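# What the coordinates show
Residue-level listing of the chains:
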Amino acid sequence: MRCAFALLATAVSASALSAQGRPADFRVRFDRPMPDSLFQFETMSPGWHITTTRPAGIVWRPAQSATGNWRLDATIHLFPRAGHAEGVGVFFGGADLDGPNQSYTYFLIRKDGQFLIKRREGAATRDIVPWTAHAAIVQQPRTEGGESARNDLAVEVTATEVQFFVNGQRVHTMPRAGLTTDGLVGLRVNHNLNVHVGRLDVTQR
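Residues numbered from 1 in each chain as written. Predicted model: local features only at pLDDT ≥ 70, side-chain atom pairs only at ≥ 80, totals over all residues. Heavy atoms only, no water.

The helix and strand tally for the chain stands at 1 helix and 14 strands. With 205 residues in all, the chain has 51% of them scored as buried. By sequence separation, contacts in the chain at least 24 residues apart represent 63% of the contacts at least 6 residues apart. Looking at the chain as shown, the accessible area adds up to about 9300 Å², and 52% of this sits on carbon and sulfur atoms. (Helix = DSSP H or I, 4+ residues; strand = E, 2+ residues; numbered from the N terminus. Buried < 20%, exposed > 50% of the residue type's maximum accessible area, 1.4 Å probe, protein only. Contact = heavy atoms within 4.5 Å. Areas by Shrake-Rupley, 256 points an atom, 1.4 Å probe, with all protein chains shown as cover.)

Written out as structure tokens, the structure is:
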């Protein structure tokens, strides 16, 4: 696996130049209008590779949603990139993602070993858990070069709780009441990142 992703890191520049286009079953929305060329999103087995410059945004499949009790799993490989730490992760409870009243809750990690849980409603956002350090998160070196850092993220919704996991360790639990958990799921990727997403799976419980 380590060798495979070392090769993947080498291949990403060639992949971007080939302009293969985005996966047809996904949609993309930036936080603010930006040229598409600044957000490279391509199928690269296993999964998808995303390289961002300025725009931050979300990607999702319109057919992929979660209702009731469920678990969302994603495997994220964060490749070294110079600059300050930026977040990448998953979102759930998505609604009106193409419209002015977009809403979703997102769960991100970043290369310095911190996580964030945040809610977006329209243009407004609010922290549920601000950036918080946790030993479960595999950190990434601050400079170019070196191997990718793999982190497995999960969100699990039960009848009463929402639990957040990194690499099998629970990093936060909160009541389900008052939080929209039914809806579309997907990925959130901030700017200046080079990431590979190995999977994005929903299991209904």
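Secondary-structure assignment places Val138 in the loop between strand S9 (124-133) and strand S10 (149-157). By relative accessible area, Val138 is classed as partly exposed at 39%. The sequence separation of Val138 and Ile109 amounts to 29 residues, and the corresponding C-alpha distance is 9.5 Å. Discounting residues that sit within four places of it in the chain, Val138 has contacts with Ala149, Arg150, Asn151 and Asn167.

Time to look at the pairing of strand S13 (residues 183-189). For S13, the buried fraction is high: 7 of the 7 residues fall into the buried class. Alignment of strand S4 (residues 57-66) against S13, held across 6 bridges, turns out to be antiparallel. Looking across to S13, one finds that Ser65 is bridged to Leu184. Bridge count between strand S6 (residues 88-95) and S13: 5 bridges; the pairing is antiparallel. Looking at the pairing, Val88 lines up with Val189 of S13. (Pairing = 2+ DSSP bridges.)

All chains considered together, the criterion is met by 13 salt bridges. Across the salt bridge formed by Arg119 and Glu121, the nearest N and O atoms sit 3.5 Å from each other. Residue classification places Glu121 among the partly exposed positions, given a relative accessible area of 46%. With its nearest N and O atoms 3.9 Å apart, the salt bridge here joins Arg199 to Asp201. By relative accessible area, Arg199 is classed as partly exposed at 32%. According to the relative accessible area criterion, Asp201 is partly exposed, its value standing at 36%. Taken together, the shared-partner salt bridges connect Arg71, Asp73, Glu156 and Arg205 into one network. (Salt bridge = Lys/Arg side-chain N within 4 Å of Asp/Glu carboxyl O.)

Locating Phe165 in the fold gives a position in strand S11 (residues 161-166). On the basis of relative accessibility, which here comes to 13%, the residue Phe165 falls in the buried class. Sequence separation of Phe165 and Ile137 is 28 residues, and the distance between their C-alpha atoms is 9.7 Å. The contacts of Phe165, once residues within four sequence positions are left out, are Arg71, Phe107, Asp152, Leu153, Ala154, Glu156, Arg170 and Val171.

This next bit is on the sheet that holds strand S5 (residues 70-78). Hydrogen bonding along the main chain pairs the strands of a sheet, whether they run parallel or antiparallel. Pairing in this open sheet of 7 strands is antiparallel, and the strands run S2-S3-S14-S5-S10-S11-S12 from one edge to the other. On the outer flanks of this sheet lie strand S2 (39-43) and strand S12 (169-175), each paired with one strand and no other. For this sheet, the mean inter-axis angle between neighbouring strands, taken without regard to orientation, is 20°. Alignment of S2 against strand S3 (residues 48-52), held across 5 bridges, turns out to be antiparallel. (Axes fitted to C-alpha atoms, helices over the stretch in contact; angles between N-to-C directions.)

So, about the pairing of S5. Taking burial as the measure, the 9 residues of S5 include 8 buried ones, the bulk of the element. With 9 bridges joining them, S5 and S10 adopt antiparallel strand pairing. What sits directly across from Arg71, in S10, is Glu156. Taken together, the 9 bridges between S5 and strand S14 (residues 194-204) define a ladder with antiparallel strand orientation. Residue Trp70 lies in a different strand from S14, and its bridge partner there is Gln204.

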